[in-house]
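For reference, the chains in residue letters:
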Amino acid sequence: MNGPAVFLHVAASEADAGPALRELRAGLEEEGVPCRLRVVEGDAATIAWIAARASPVSVGIGLDAESVCLHLPQLAPESPLLRLPVDHLPERLRALGHNAARLVKGAPLKELP
Amino acid sequence: MMTLIVGVDIGNSTTEACVAAVREGEVAYLGSGLAATTGVKGTVPNVTGAVRAIDRALGRAGRTYAEVDTILLNEATPVISGLAMETITETIITESTMIGHNPQTPGGEGLGVGVTVAFEQLGTLHPGGDDLICVIPAAVDFEEAAAAIEAAAQRGVTVSGAIVQRDDARLIANRLTTPIPIVDEVTHVERVPLGMAAAVEVAAPGRSVRTLANSYGLATVFTLTPEETRVVAPVARALMGTRSAVVVRTPGGDVTDRRIPAGTLELHGERAKKAVDVNGGAAEIMDALKRVQPLADVVGETGSHVGGMLAGVRETMADLTGDEVATIRIRDVLAADTFVPREVRGGLAGEFALENAVALAAMVRTSRGPIEQVARALQEAARVTVRVGGVEAEMAVRGALTTPGTATPVAVLDLGGGSTDAAFALGDDASATYHAAGAGDLVTKLIGSELGIDDRELAEHVKTSPLAKVESLFHIRLEDGTVQYFDKALPAETFARVVALTEQQGMVPIPVSHGLDRIRRVRRDAKRRVFAVNALRALREVAPHGNVRGIDFVVLIGGSALDFEIPELVAEALADFGVVCGTGNVRAVEGPRNAVATGLVEAYVREEVLA
């Protein structure tokens, strides 16, 4: 369980945040980057930052009831690299998944549709 | 008695001024200034820019207009330049037969051959028919797509490949028991002809397609006759080097790769005349030009591309100068071979093909500009006596000679925006001058077209700044290999991109798919094709007996001499001729700037001493 992976932390209350989670993971899968899911507590930015610190590839995603955040350990916990509202277009959430993977791969990021 | 004088040089793109105090033949330079030239060089609107430059110079010198005795204005060389570019090849795909683009993440691996079928039809087909290539539009979700292909396989209907509109190839392939090759991000999936034989190929990571990039591979897949194989050969060529590809065989479908008849260029020399076919490329044009020198005019064949191109240059020049189109004469041209990425007509995924093109810079001699009018207007604006002094080239030589370590015989190369001008001096006065078409603006144009950058400002950044690759959000690798770290995260849109490190705007991302090395090569080649070629051409024209070895010192001046690598590329080109070549440092402080303005003051002082 220690291979390279983007860590995806989901706030407990949103463990069934099915649709958003599906898009995020699809984006990562299409890029061929594994991800590991954990159910935790906290707001999206904080859990994303903790996920990034824990991830062997230093990229974390946090998802709570309101928003989804893409984070890096070098950034301040309260200011993630990207933040989107959860009820946003599925294409944008998918693109965020793509971008998390591209940060790992060192490929230029996708423009959010 | 002390007199305060100001030298003003109105150039094509910049106007420069310098303030000097003269006492008994001794000159003390007090300050200099620079402003963008307003209006076409040699016309009354120049006054605005001239006043701005003088203001700045006086400000630095701590003087006012009231203290100035005389303003010296250069007799501007009445030449301006224009640019044009024309593609000479064109790739057309008729009836949409191929998709040769490189999605970042195709799915599956290998070659799939079958008949194209719409996704909605998949459920209705019975086993026993042909193998299928499924065409999946954006509305279909990846899970739905995978489930339908699985279900078809269960029924005995073989889907051997897929063409997908969304970025879903891997998602679909991962959900199949037996993965099939899938090409995704096909923008115009609705244009894929249905019911036709097709092949989808995806190569393993790091490899490129083999069967579809091979003419005989295509012949095998589609059982083609030798005649038909000949027709599809361009398809194979177009697919070389891509990781994934789709070829759909439509009856009568065709990819053509034709040469557009660009027309002939007629070079009228003062003694000889020569016609040259533009399709022959830049080398043939420049060779013909060498034979007819000195050039009196150039005309393009009427009704041809090159005819239209030169007519365009003439019209622009006529508009600028107010001269009649018929009186505009092209006195020099520089041709450069280039290539232009063009979207392939009939392509399905916005594929690009590199088309060959010829870029032409043309130098036009205008009727002598009424410099006295400019002088009068400037005199009114500044309320100071204005004197028109000296020919530009002579003044440039004088100014350049204030560079430490220079002596005659010297050649001054003014690397500007529109033209590369050479002046040669054996003694104090310039004995020969030449104005070669093509300079910084042509370099910008070549860089822009070869990299597919439409934004002129961005192309300008690529020209004038070193490159770096953003390797993480906290560090970049510069083009010389050194690494620079940052405390704050760089903007996300620069991530993994090549950026230009500009002086004014910091990091500017270059949104093209080329790597740093490729962009750097395009940049340096463009500079070499214009400045190294023109430096040699212009020096040959002014050197004694056309022999560059007869020159001891070459001093580079002008805006493009400030570039971080152009002086180096020019020096490299002149290395074989045993000349000392370097960037000028006017009055040991100005660098390659202010040569003509300084030359005006130097000439004035010498006259005063003689008088």
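Residues numbered from 1 in each chain as written. Chains lettered and ligands numbered in written order. Predicted model: local features only at pLDDT ≥ 70, side-chain atom pairs only at ≥ 80, totals over all residues. Heavy atoms only, no water.

Caption draft 1: Representation of the nonpolar core in the model. In terms of nonpolar packing, the biggest core is built from 79 residues, with Leu265, Leu267, Leu413, Ile510, Leu539, Val554 and Val570 of chain B touching the most fellow members. The element that contributes the greatest number of residues to this core is helix α12 (residues 516–542) of chain B, accounting for 11 residues. Those residues in contact with Ile510 of chain B that sit more than four places away from it in its chain are Ile453, Val462, Leu467, Arg497, Val498, Val499, Ala500 and Ile519 of chain B. The next biggest cluster of nonpolar side chains, apart from the first, holds 29 residues, and it includes Leu8, Leu70, Leu75 and Leu96 of chain A. (Core = buried A, V, L, I, M, F, W, Y, C linked by side-chain atoms within 4.5 Å. Buried < 20%, exposed > 50% of the residue type's maximum accessible area, 1.4 Å probe, protein only. Helix = DSSP H or I, 4+ residues; strand = E, 2+ residues; numbered from the N terminus. Contact = heavy atoms within 4.5 Å.)

Caption draft 2: Examining helix α1 (residues 46–61) of chain B more closely. Residue and element names in this part refer to chain B. Between the first and last C-alpha of α1 there are 23 Å, a value that for 16 residues agrees with the 22 Å anticipated at 1.5 Å per step. Taken together, the buried residues of α1 touch β1 (2–10), β2 (14–23), β3 (26–36), β4 (70–75) and α8 (371–382). Phi for Gly62, located one or two positions after α1, is positive at around 70°. (Expected span 1.5 Å × (residues − 1).)

Caption draft 3: Structural context of the side chain of Glu23 of chain A. All names here are of chain A. Looking at the secondary structure, you find Glu23 in helix α1 (residues 18–31). Given the relative accessible area of 9%, Glu23 is considered buried. A polar atom in the side chain of Glu23 sits 2.8 Å from the side chain of Arg94. With residues near it in sequence (within four places) discarded, Glu23 still touches Pro90, Leu93 and Arg94. (Polar contact = N/O pair within 3.5 Å; in protein donor to acceptor, adjacent residues only side chain to side chain.)

Caption draft 4: Structural context of the sheet that holds strand β5 (residues 82–85) of chain A. All names here are of chain A. Strand order in the open sheet made by the 5 strands is β2-β1-β3-β4-β5, with mixed pairing throughout. Of all strands in the sheet, those bounded by a partner on one side alone are β2 (35–40) and β5. Across the sheet, the mean angle from the axis of one strand to that of its neighbour is 15°, orientation sign disregarded. α1 contacts β1 (6–11), β2, β3 (60–63) and β4 (67–71) of the sheet and is inclined by roughly 180° relative to β1. (Pairing = 2+ DSSP bridges. Axes fitted to C-alpha atoms, helices over the stretch in contact; angles between N-to-C directions.)

Caption draft 5: Summary view of the confidence of the model for chain B. Looking at chain B as a whole, its pLDDT mean stands at 87, while 92% of the residues score no less than 70. The lowest-confidence element of chain B is strand β14 (residues 254–259) of chain B, averaging 58 in pLDDT; the highest-confidence one is strand β25 (residues 475–478) of chain B, averaging 96. (pLDDT = per-residue confidence, 0-100.)

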